[in-house]
Amino acid sequence: MPVHQFVHDDVLVQRGLRNYWGYNTIGFLAPHAGYSASGAAPGQQVQEFKAMVKTFHDAGIEVILDVVYNHTAEGNHLGPTLSFKGIDNPAYYRLVEDDPQYYMDYTGTGNSLNVGHPHSLQLIMDSLRYWVTEMHVDGFRFDLASALAREFYDVDRLATFFELVQQDPVVSQVKLIAEPWDVGPGGYQVGNFPPQWTEWNGAYRDTVRDFWRGEPNLGEFASRIAGSADLYEHSGRRPVASINFVTAHDGFTLRDLVSYEQKHNEANGEDGRDGADDNRSWNHGVEGPTDRTEINEARARDQRNLLATLLLSQGVPMLLHGDEIGRTQEGNNNTYAQDSPLSWIDWEHVDRPLCEFVTEVSRLRREHPSLRRQRFFTGTSVRTEEGGRLNDIVWLHPEGRPMEEGDWNGGLRTLGMYLNGDGIAGRDPQGQPIRDDHFLLYFNGGDDVEATLPDDEYAAGWQVVVDTTGSLDHDAQLTAGSVLGLPYRSVVVLQQWRGPEPDPDSGPAASVASMAGE
């Protein structure tokens, strides 16, 4: 959430609500005073923010700010004059050309900052440099970043703002994440930002939701979980350009995504008109909470399916806070005005098994470079440990063979993904080739299905390491060519079988051999 100084919308105050998210900026060079622990002490929030950043850095955690430079809190022509309107209205805001009393609105908030004017651009760049050099943050996520590329009317990836960022010796060195859309015509620009930028991948979100709600486009699903090379490789970017997410603050939580088909925003006081209508969600037959065990089990399984898909996809996973513990907003998909238990974390009702599942899958990702590659797959063959040659990635049919062209559009609901641990492009920090175990990932969006494991060219044996249903034996060795039952709606991950580690020989003979250098 943003930390720039903001004000609460008058319309919310009149309803007894508050701007909980803070997307209503009025001061681009100040932390929000209301977040200060010292209360009324003016300016103390600056020192507190610096101390917070240092504490995070000491713990190995980077700090990336959500920044709102596309609009301000002054609203449309009926909004208050708080700052920029009174200083130089046409310099700071985009006005309707033939009737300049009105504002161009590409943001849905009443106004759009005039990023075509040098003083507005100077303000943005001065703010960015301040937060890096003085507050020591590590990067920025730009809210509605397409609005910053509208110099005239259309979104322009060569806009002056991007040129200024590119050449700036400070800002160009930190992480830059775009929310690559705004609400204006042509504003959806996923995949079209300059090479230096990473992006919230909205195409990933939509495709993964569609797959698990039963409307799969298998080819696109494969592209998304493999890093979205079709969106980013053409501009020379790498898989880290894709910030993968299934849920964000703006929309349903993960638990609500699988529990509600309609938004329930009555608490916002707008008669349910606010918030997105297209949620690509599913409720398993009952809207909202239920005592039916089979529905609650299905919802729990689908939360694991979505989380496993996210954490095992190439690119950078982004997890909405609270999704790992089953947080609900009771079907509200726009809690910007809910500084209340509806938005807060309920620590007394944590879904601990779900949290433990996320911990284990995160650990698996961290430990294995096969699951977080630095470069896109090439589709070219490399020699495997077993002596054969296989592509760095192979898409597998449940029959155990590579997918064929006709399979992608044949209504198939199950997809296998082989990751060749000997085909990882790039080098480790010591300049050595990166090697890892081979992995098999199965995404089954349909009924129970029997999957034939590929032949021993891929690996002689396999072991289940992730199973979103909890029904498979993680200790069994599965031989090449054997049949594995994939449960209904599940993600199953198999790791190349290495066998148990031998116990070290600590006897006298071993000690003598060690001393002799044998």
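Conventions we followed
- Residues numbered from 1 in each chain as written.
- Predicted model: local features only at pLDDT ≥ 70, side-chain atom pairs only at ≥ 80, totals over all residues.
- Heavy atoms only, no water.
- Core = buried A, V, L, I, M, F, W, Y, C linked by side-chain atoms within 4.5 Å.
- Buried < 20%, exposed > 50% of the residue type's maximum accessible area, 1.4 Å probe, protein only.
- Helix = DSSP H or I, 4+ residues; strand = E, 2+ residues; numbered from the N terminus.
- Contact = heavy atoms within 4.5 Å.
- Salt bridge = Lys/Arg side-chain N within 4 Å of Asp/Glu carboxyl O.
- Pairing = 2+ DSSP bridges.
- Axes fitted to C-alpha atoms, helices over the stretch in contact; angles between N-to-C directions.
- Expected span 1.5 Å × (residues − 1).
- Arc of directions from axis to C-beta.
- Polar contact = N/O pair within 3.5 Å; in protein donor to acceptor, adjacent residues only side chain to side chain.

1. Some words on the nonpolar core
Soluble, globular proteins show a tendency: their nonpolar side chains are buried together.
Line of reasoning, step 1. Within the largest apolar cluster, 43 residues are counted, with the highest numbers of intra-cluster contacts made by Phe-140, Phe-142 and Phe-161.
Line of reasoning, step 2. Counting residues per element, this core draws most heavily on helix α4 (residues 118–133), which supplies eight residues.
Line of reasoning, step 3. Residues contacting Phe-140, with those up to four places away along its chain left out, are Ile-64, Leu-65, Val-67, Leu-128, Trp-131, Val-132, Val-174, Lys-175, Leu-176 and Ile-177.
Line of reasoning, step 4. Trp-212, Leu-218, Met-417 and Val-491 belong to the second-largest nonpolar core, a separate cluster that totals 41 residues.

2. What about the pattern of salt bridges?
Line of reasoning, step 1. A complete count under the given rule lists 30 salt bridges for this structure.
Line of reasoning, step 2. With its nearest N and O atoms 3.1 Å apart, the salt bridge here joins Lys-175 to Glu-62. Of this pair, Lys-175 sits in strand β5 (residues 175–178) while Glu-62 is found in the loop between α2 (44–58) and β3 (64–67), placing the two residues 113 residues apart along the sequence.
Line of reasoning, step 3. Asp-210 is paired through a salt bridge with Arg-213; the nearest N and O atoms lie 2.8 Å apart. Of this pair, Asp-210 and Arg-213 both sit in helix α6 (residues 202–213), three residues apart, which is roughly one turn of the helix.

3. Comments concerning unusual backbone geometry
Line of reasoning, step 1. Phi angles above zero are rare outside glycine, and Leu-144 is one such case at about 45°.
Line of reasoning, step 2. Among the structural elements, Leu-144 can be located in the loop between β4 (139–142) and α5 (160–167).
Line of reasoning, step 3. Phi at Glu-330 is positive, roughly 55°, even though this residue is not glycine.
Line of reasoning, step 4. One can find Glu-330 in the loop between β8 (316–317) and α11 (352–367).

4. So, the environment of Gln-189
Line of reasoning, step 1. With respect to the secondary-structure elements, Gln-189 resides in the loop between β5 and β6 (198–200).
Line of reasoning, step 2. Here the alpha-carbon distance between Gln-189 and Leu-419, two residues 230 residues apart in the chain, equals 30 Å.

5. What about the sheet that holds strand β15 (residues 461–467)?
Line of reasoning, step 1. Taken together, the six strands give an open sheet; going across it, the order is β11-β12-β13-β18-β15-β16, and neighbouring strands pair in antiparallel fashion. Two strands bound the open sheet, and with one partner strand each, they are β11 (393–396) and β16 (478–479).
Line of reasoning, step 2. Sitting on the sheet, helix α7 (residues 218–225) is in contact with β11, β12 (414–419) and β13 (439–444), with an inclination near 30° to β12.
Line of reasoning, step 3. Of the strands in this sheet, β13 and β18 (490–496) touch helix α10 (residues 293–312), which is tilted by about 40° from β18.

6. Here we look at α11
Line of reasoning, step 1. The first and last C-alpha atoms of α11 sit 23 Å apart over 16 residues, in line with the 22 Å expected at 1.5 Å per residue.
Line of reasoning, step 2. Listed in full, the buried residues belonging to α11 are Leu-354, Phe-357, Val-358, Val-361, Leu-364 and Arg-365. Mapping the buried residues of α11 onto a view down its axis gives an arc of 125°, with all of them on the same face. Turned more than 90 degrees from where α11 packs its buried face, Arg-352, Glu-356 and Arg-366 sit exposed.
Line of reasoning, step 3. Between the side-chain oxygen at the start of α11 and the backbone nitrogen of Leu-354 there is a gap of 3.1 Å, and the oxygen is on Asp-351.

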